[in-house]
Amino acid sequence: MKVAEAVGRALYAAGVGQVFGVVGSGNFHLTNAMVAAGSRFVAARHEGGAATMADAYARMSGTVAALSVHQGPGLTNAMTGIAEAAKSRTPLLVLAAEVTEPRSNFYVDQDALARSVGAVSARVTSAEDAVTQALDAVRRAVCERQTVLLNLPLGVQVLDVPDDASALTVVPPERTSLKPEFAAVEALARVLDKSRRPVFVAGRGARSPGARDALVALAERHGALLATSAVARGLFHGDPWSLDVSGGFASPLAAELIQEADLIVGWGCALNMWTMRHGRLIGPDTTVVQVDDDASALGAHREVHLGVTGDVELTARRALETGDANRQSQQGKQARQGQHSQDAGQGFRTADIRASIAARVRWRDVPYEDTSTRERIDPRTLSIALDDILPAERVIGVDSGNFMGYPSMYLSVPDENGLCFTQAFQSIGLGLATAIGAALARPDRLPVAALGDGGAMMGAAELDTVRRLGLPMVVVVYNDDAYGAEVHHFGPDGHPLETVEFPPTDIAAVARGYGFEAVTVHTRADLKAVEDWLAGPRSAPLLIDAKVVADRGAWWLEEAFRGH
């Protein structure tokens, strides 16, 4: 058995059941070996799209995914998607063929490429060690939550693997939850007991049902309000004390309440400039606590008063148990001394605040002046209408750009697996591939891709992948014929904008060429075609070319550029 086949079989046995990529000569045998073993392979039209599909699939499925690419240009084509995955610490395995002769036209320093974007680099070096080296790459991806580049030199792939090396028993690796230290949990419990207006902000590290339930229970005990980063949006969906997203996307009411907190606890959340609006959501006397299973993340973006290294769910449950035990001990002591115990109080959880959250925390409930015309629709009006029309069970992939806050915040999601937010690198053009990967991970939900016209044109090749896979996807293009972020950032200062504005493009016609049904939307009435598509057989995907007004920059953009 050749190395390529042995490695492919071992990767499938180790739990790598989903592979995305573009196959060339260097990764042909490896990819086919994985398919023969049982992995599902999805061919993208571009390696950049394949990388983002794999990233999104891993995020939404909770499993490790693989990206298979050709040596040299296959890898360089994928680097933007790999950078996004690495910055987001997605457990992703990049399988790259490699030439080792510098005179080859395919030669690049693939190790250096991986390191330059924060990925981990590994290599298969011999036939004897090929399987164990491949399995170690899977272990690092899963257990260390890393994006790992596994280089497979062409000369090694064709070697014969010894029988004993190919017959290894393979056990899929499992990541263990990091237990917090007792002293740190005690300190957290004391801080929570002192607080009267706490806010919990949950991030990527809290995206699980177990973590959600633990945080909800702890928040109830201490009267805390609940919020998330954009990446974890939907985690507290339906909870009456949820503020939705904290940061640049936060609604006015959410921002107001977070600023009034005397304690902010980030749970698996970086508390970076996005989730804290460059620190402006943190009051001058607010205590800041951060809980993360990566010690290097604590205080990385801002000073914290207390950092706890540990798994979010374990830490929250132990803080609840410790606080209850301390409280019972204190109450027993007070009873023996004839004193009356005092509760921590309701915190933020008053009837008035609950009513305000119900009425005003969603962006769609914030009054606005509809600037729609007969030719262009206000993106808020469009988004609210789509939120009403589209099924509630949805999974949304969002591209980057001036428009991105509208689908991210005006379209509701059922839970933490309803929004796939590949924005750590803020690259335009990843949105469609994001939605494809998310759709394959969540086939029970309607996939929705929300794109700007710039990102739609960048990623248009993957419209073929949507059609080829038979995905019943809705692609919404917020089309303002420009790179809107630059228009609204530089335009008010009188800078020329010819480099970021474009002639009108009939993106609906482009989609029809790929086999989509398509509709051009100028007004709310044009969305009747979307309702008809939803009621029909959905035998082809649907693209909505929405001509949106471009009268001003989005609210989140103003916040974002404050840090530039």
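Residues numbered from 1 in each chain as written. Predicted model: local features only at pLDDT ≥ 70, side-chain atom pairs only at ≥ 80, totals over all residues. Heavy atoms only, no water.

## Observations concerning the sheet that holds strand 2 (residues 40-43)
For the record, the criterion: One requirement defines pairing of two strands: DSSP has to find at least two bridges between them. Numbering of helices and strands starts at the N terminus; helices are DSSP runs of H or I of at least 4 residues and strands are runs of E of at least 2. The axes are straight lines fitted to the C-alpha atoms, using for helices just the contacting stretch, and the angles between their N-to-C directions are given from 0 to 180°.
Strand order in the open sheet formed by six strands is 2-1-3-4-6-5, and the pairing between neighbours is parallel. Each having just a single partner strand, strand 2 and strand 5 (120-123) make up the two edges of the open sheet. Averaged over all adjacent pairs, the angle separating strand axes in this sheet is 25 degrees, with direction ignored. Sheet topology places strand 3 (residues 65-69) next to strand 4 (residues 92-98); five bridges connect them, and they run parallel. What sits directly across from Ala-66, in strand 4, is Leu-93.

## Structural notes on the pairing of strand 6 (residues 147-153)
Convention followed: A 1.4 Å probe rolled over the protein chains alone gives each residue an accessible area, and that area as a share of the maximum for its type sets the label: buried under 20%, exposed over 50%, partly exposed in between.
With seven of its seven residues buried, strand 6 lies for the most part within the structure. The alternating pattern of strand 6 places Thr-147, Leu-149, Asn-151 and Pro-153 and Val-148, Leu-150 and Leu-152 on opposite faces, both of which are buried. Here strand 4 runs beside strand 6; their pairing, made up of seven bridges, is parallel. Note that in strand 6 the partner of Val-94 across the bridge is Leu-149.

## Observations concerning helix 22 (residues 528-535)
What counts, and what does not: It is the directions from the helix axis to the C-beta atoms that the arc portrays. Contact definition: two residues touch when any of their heavy atoms are within 4.5 Å.
Within helix 22, burial applies to Val-530, Trp-533 and Leu-534. Mapping the buried residues of helix 22 onto a view down its axis gives an arc of 100 degrees, with all of them on the same face. Looking at the buried positions of helix 22, the neighbouring elements they touch are helix 15 (379-389), strand 15 (446-452), strand 16 (474-479), strand 17 (517-521) and strand 18 (542-547).

## Description of helix 12 (residues 252-259)
Those residues of helix 12 that sit buried are Leu-253, Ala-254, Ala-255, Leu-257 and Ile-258. Contacts made by the buried residues of helix 12 are with strand 7 (198-202), strand 8 (225-228), strand 9 (242-245), strand 10 (263-267) and helix 14 (351-360).

## Overview of the sheet that holds strand 11 (residues 287-292)
Ordered in space as 9-8-7-10-11-12, the six strands form an open sheet in which the pairing is parallel. Strand pairing shows two members of the sheet lacking a second neighbour, strand 9 and strand 12 (306-309), which therefore form its edges. Within the sheet, the average angular offset between the axes of one strand and its neighbour, ignoring direction, is 15 degrees. Alignment of strand 11 against strand 12, held across four bridges, turns out to be parallel.

## What about unusual backbone geometry?
For Asp-244, which is not glycine, the phi torsion reads 65 degrees and is therefore positive. Relative to the assigned elements, Asp-244 resides in strand 9. What makes Asp-244 buried here is its relative accessible area of 17%. At His-278, a residue that is not glycine, the phi angle is positive and equals roughly 60 degrees. Secondary-structure assignment places His-278 in the loop between strand 10 and strand 11. In this structure His-278 comes out as partly exposed when scored by relative accessible area, which is 25%.

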